[in-house]
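# Coordinate inspection notes
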Amino acid sequence: MTFLAIDIGNTRLKWALYDAAHPGALMRCSGAVFLETIDQLAEQDWQRLPAPTSMLGSNVAGDAVRRRVEEQLELWDIEPRWIVPGAHAAGVINGYDHPTRLGADRWAALAGARWHVLQRDGTPRPALVVMVGTAVTVDSLDAEGRFIGGLILPGFGLMLRALEQGTSGLRVPTGEVEDFPT
């Protein structure tokens, strides 16, 4: 029995094939491709993989990208399952008025953080989840597993592009220190 985990982000699709569908399972192989190239997964990255018996994915890139990935999954006879944020699951209570507006990746990370905290010694504690990619997200859980809020910031690349486009005379430091008028 093998398990395929997929994370479709804003820029790339990351995947990993595990021996089983449970925490701590041995990872057999993994990879990442830019979203522009996902239509080649079945003929390239996934072509020689053993057929997974199940699959679970997280998608923040939209329905059109999800459908493209599902076309690639037709290589195997598995039913795609996608994480959909809800009001509560896996010991986490979603604090959003409209729970499905929380990103599936953030929802999955909160559930994973809750599980990890409880595995340490069974004592419920708050958790902070930070993910860095195209965007940076910072999310928090209280000790009872309630999602109490978070924020989304541009990632490093987006910040750098914004600075380059939004400032004039921006230059990279050469190691010399300029004197500033006092």
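None of these values were measured; they are calculated from a predicted model.

The subject of this paragraph is helix α1 (residues 63-73). For α1, the complete set of buried residues consists of V65, V69, Q72 and L73. Take α1 and look down its axis: the buried residues cluster within an arc of 105°, on one side only. Where α1 is buried, its residues contact β1 (3-8), β2 (12-18) and β4 (54-59).

Relative to the helices and strands, N94 resides in the loop between β6 (92-93) and α2 (104-121). According to the relative accessible area criterion, N94 is buried, its value standing at 8%. Within polar-contact distance, the side chain of N94 engages the backbone nitrogen of Y96 at 2.9 Å. A polar atom in the side chain of N94 sits 3.1 Å from the backbone oxygen of P99. What N94 contacts, discounting residues up to four positions off in sequence, is P85, G86, A87, P99, L102, W107 and F147.

For the rest of this paragraph, the subject is the confidence of the model for the protein chain. Predicted confidence across the protein chain gives a mean pLDDT of 91, with 93% of residues reaching 70 or more. Per-residue pLDDT, averaged within each element of the protein chain, yields its smallest value for helix α3 (residues 156-166) (84) and its largest for β1 (98).

Here is what the cut-offs are and how they apply
- Residues numbered from 1 in each chain as written.
- Predicted model: local features only at pLDDT ≥ 70, side-chain atom pairs only at ≥ 80, totals over all residues.
- Heavy atoms only, no water.
- Buried < 20%, exposed > 50% of the residue type's maximum accessible area, 1.4 Å probe, protein only.
- Helix = DSSP H or I, 4+ residues; strand = E, 2+ residues; numbered from the N terminus.
- Arc of directions from axis to C-beta.
- Contact = heavy atoms within 4.5 Å.
- Polar contact = N/O pair within 3.5 Å; in protein donor to acceptor, adjacent residues only side chain to side chain.
- pLDDT = per-residue confidence, 0-100.

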